[in-house]
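Commentary on secondary and tertiary structure
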Amino acid sequence: MRFSDRMGTIPEYVVARLNRAIAEARAGGIDVISLGIGDPDLPPDPRLRERLALEVQRDDAARYPTNHGQPALREAVADYYRRRFGVSLDPATEVLPLLGAKEGLAHLAAAILDPGSLSLIADPGYPVYAGGPLLAGAASMPLPLLPKNGFQPDLAAVPPEVAAQARLLIVGYPNNPTGAIATPGLFAELGAFADKHDLVLCHDHAYAEIVYEGDPAPSALADPTFRSHGIEILSLSKTYSIPGWRIAFAVGNPSVIAILQRLKTQIDSGMFPALQRTAAWLLGQTDVAGPPLATYRSRRDLACQQLQAIGMPVAPPAGGMYLWVPIPTNESSLVFAERLFAEAAVVVTPGNAYGAAGEGFVRIALTVPEDRLGEAIARIGAIL
Ligand SMILES: *Cc1c(COP(=O)(O)O)cnc(C)c1O
């Protein structure tokens, strides 16, 4: 058998590799504590399941959906954007349902890039920012997010020849894995950069509602120049603790939305109608429980305190569900993570899984209860 050369360029997905190692160790009777995967552990608001159960009963729930989505769903997304972010959207041309942000990000790269073109991607960043371009036969160049810059991209450092080849630029704030929030001028700066270099911008808004102080994180579309060059991807996975439901939206520039929709008509046939109706209902409610922020905050504070006590100080993140922890030894992130797994049965994600600038860090997910988090940190302390 022969397979695509392109597949040889794509590393095994970090979560897939971690899940396999965890399953093997657990089958061998080892009590593994996984802080590796950002999968909300608390159940969603019970009304969501009730609503979905009702919607599944409808006769038309089993019929083919469309990629464009139900008008009521697109209107609900537009209403939600107005309410939460003060941004108005045309539901007909500026909203597209996605089968998760991951799907949208991968296909966006395929819709925009060709071999020889480039995507500029946040580094560290969500692994699909790099995987999407590789699947499209294109390449990506990192925009390093460094601690000294508050994990914001330094656009002035992008070489002119790289900017000239780039067609797409992807960032996301609150940022996974660093937990940083966008500085107030960032989206305007990205807009000006895209204007100059004729780029498509994408802001990944997966953690829009996971902010520890104050309002939800701002939408990039609130900046008019950003908006004229790009889209934002809003996912309901982390906000409503429903990652298994696969609900997200691309919103923004109509030309980008249209090309993504055209590509998707060849690949998927739209979102399960019962999920569309449930999502439309959900986005219209103001009292459905959002992310368990108080729980994440107290896990964050406890873990920061305990890590400090074992000699691994880490700054508490302003958003997201992770701690981005500097490695206290001179081991690489992979060697350190593998040692924690082998000697302490604790899984953390090596920082280099998010890009070269992630070297020197590991990511800890706050999606486990406090007692397990505490036990994991105690085990790490014992082998340092
Ligand atoms: C979890 C996550 C996603 C994936 O969201 P889905 O809608 O579940 O596919 C996208 N981007 C970032 C930064 C994430 O952490």
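Conventions used here
- Residues numbered from 1 in each chain as written.
- Predicted model: local features only at pLDDT ≥ 70, side-chain atom pairs only at ≥ 80, totals over all residues.
- Heavy atoms only, no water.
- Pairing = 2+ DSSP bridges.
- Helix = DSSP H or I, 4+ residues; strand = E, 2+ residues; numbered from the N terminus.
- Axes fitted to C-alpha atoms, helices over the stretch in contact; angles between N-to-C directions.
- Core = buried A, V, L, I, M, F, W, Y, C linked by side-chain atoms within 4.5 Å.
- Buried < 20%, exposed > 50% of the residue type's maximum accessible area, 1.4 Å probe, protein only.
- Domains from an automatic or database assignment.
- Parallel < 35°, antiparallel > 145°, perpendicular 65-115°, else oblique.
- Left-handed = near helix turned anticlockwise from the far one by under 90°.
- Contact = heavy atoms within 4.5 Å.
- Nonpolar A, V, L, I, M, F, W, Y, C, P; charged D, E, K, R; others polar.
- Salt bridge = Lys/Arg side-chain N within 4 Å of Asp/Glu carboxyl O.
- Near = heavy atom within 4 Å.
- Polar contact = N/O pair within 3.5 Å; in protein donor to acceptor, adjacent residues only side chain to side chain.
- Areas by Shrake-Rupley, 256 points an atom, 1.4 Å probe, with all protein chains shown as cover.
- Phe/Tyr/Trp six-rings, centres within 6.5 Å; stacked < 30°, edge-to-face > 60°.
- Lys NZ or Arg CZ within 6 Å of the ring centre and 35° of its normal.
- Buried area = accessible area lost by both parts, 1.4 Å probe.

Spatially, seven strands are ordered 2-8-7-6-5-3-4 in an open sheet, and the strand pairing comes out mixed. Sheet topology places strand 2 (95-98) and strand 4 (139-144) at the edges, where each strand pairs with a single neighbour. The sheet shows a mean angle of 20 degrees between the axes of neighbouring strands, direction not considered. For strand 2 and strand 8 (residues 248-252), the ladder comprises four bridges, and the chain directions are antiparallel.

The sheet built from three strands is open, its strands ordered 9-12-11 with antiparallel pairing. Unpaired on one side and paired on the other, strand 9 (322-326) and strand 11 (349-350) mark the two borders of the sheet. Examined bridge by bridge, strand 11 and strand 12 (residues 361-365) share two bridges and lie antiparallel to one another. Opposite P350, over in strand 12, you have V362 as the bridge partner.

For soluble globular proteins, the rule of thumb is that nonpolar side chains tend to be buried together. Core analysis: the largest hydrophobic core is formed by 84 residues, its most contacted members being Y81, L120, L169, L190, L236 and I247. Per-domain counts for this core show at least three residues from each of domain 1 (5-43 + 291-383) and domain 2 (63-283). Within the second largest apolar cluster, 33 residues are counted, among which are I210, A344, V368 and I377.

Put simply, helix 5 (residues 101-112) and helix 6 (residues 128-135) touch, their axes get as near as 7 Å, and they point 40 degrees apart. Taken as axis vectors, helix 5 and helix 6 run oblique relative to one another. Seen along the crossing, helix 5 lies across helix 6 with a hand that is right-handed. Facing K102, L105, A106 and A109 of helix 5, the residues of helix 6 in contact are V128, Y129, G132 and P133. Taken together, the residues that form the contact of helix 5 with helix 6 break down as six nonpolar, one polar and one charged.

Attention now goes to the pattern of salt bridges. Pairing between side chains of opposite charge can happen when the charged atoms of each approach one another. Applying the stated criterion across every chain yields a total of 18 salt bridges. Across the pair R227 and E94 runs a salt bridge whose closest N-O atoms are separated by 3.1 Å. Separated by 133 residues along the polypeptide, R227 in helix 9 (residues 224-229) and E94 in the loop between helix 4 (71-85) and strand 2 bring together distant segments of the chain. Residue classification places E94 among the buried residues on the basis of a relative accessible area of 12%.

Moving on, we get to the site of the ligand. Taken together, 13 residues lie near the ligand, and D204, Y207, S235, S237 and K238 sit nearest. Note that an oxygen atom of the ligand is positioned 2.7 Å from one of the backbone N or O atoms of A101. At 3.2 Å from an oxygen atom of the ligand is found a side-chain nitrogen or oxygen belonging to K238. Contact with the protein chains hides 93% of the accessible area of the ligand, taken as 390 Å² for the molecule alone. Grouping the constituent residues of the shell around the ligand by class yields five nonpolar, four polar and four charged.

Following the criterion strictly, the structure yields seven aromatic pairs and no others. Site record: aromatic cluster; members linked through ring pairs are Y80, Y81 and F85. One residue, R300, lies across the ring of Y212, its end atom 4.6 Å from the ring centre.

For the rest of this paragraph, the subject is the domain arrangement of the protein. According to the domain assignment, the protein contains domain 1 (5-43 + 291-383) and domain 2 (63-283). Just the C-alpha atoms count here: the centres of domain 1 and domain 2 sit 26 Å apart. Taken together, the contact pairs 33 residues of domain 1 with 32 residues of domain 2. Across the domain 1/domain 2 interface, buried area totals approximately 2600 Å², and carbon plus sulfur atoms make up 64% of it. Where domain 1 touches domain 2, the interface holds zero salt bridges. Broken down by class, the residue content of the side of domain 1 that touches domain 2 amounts to 22 nonpolar, six polar and five charged.

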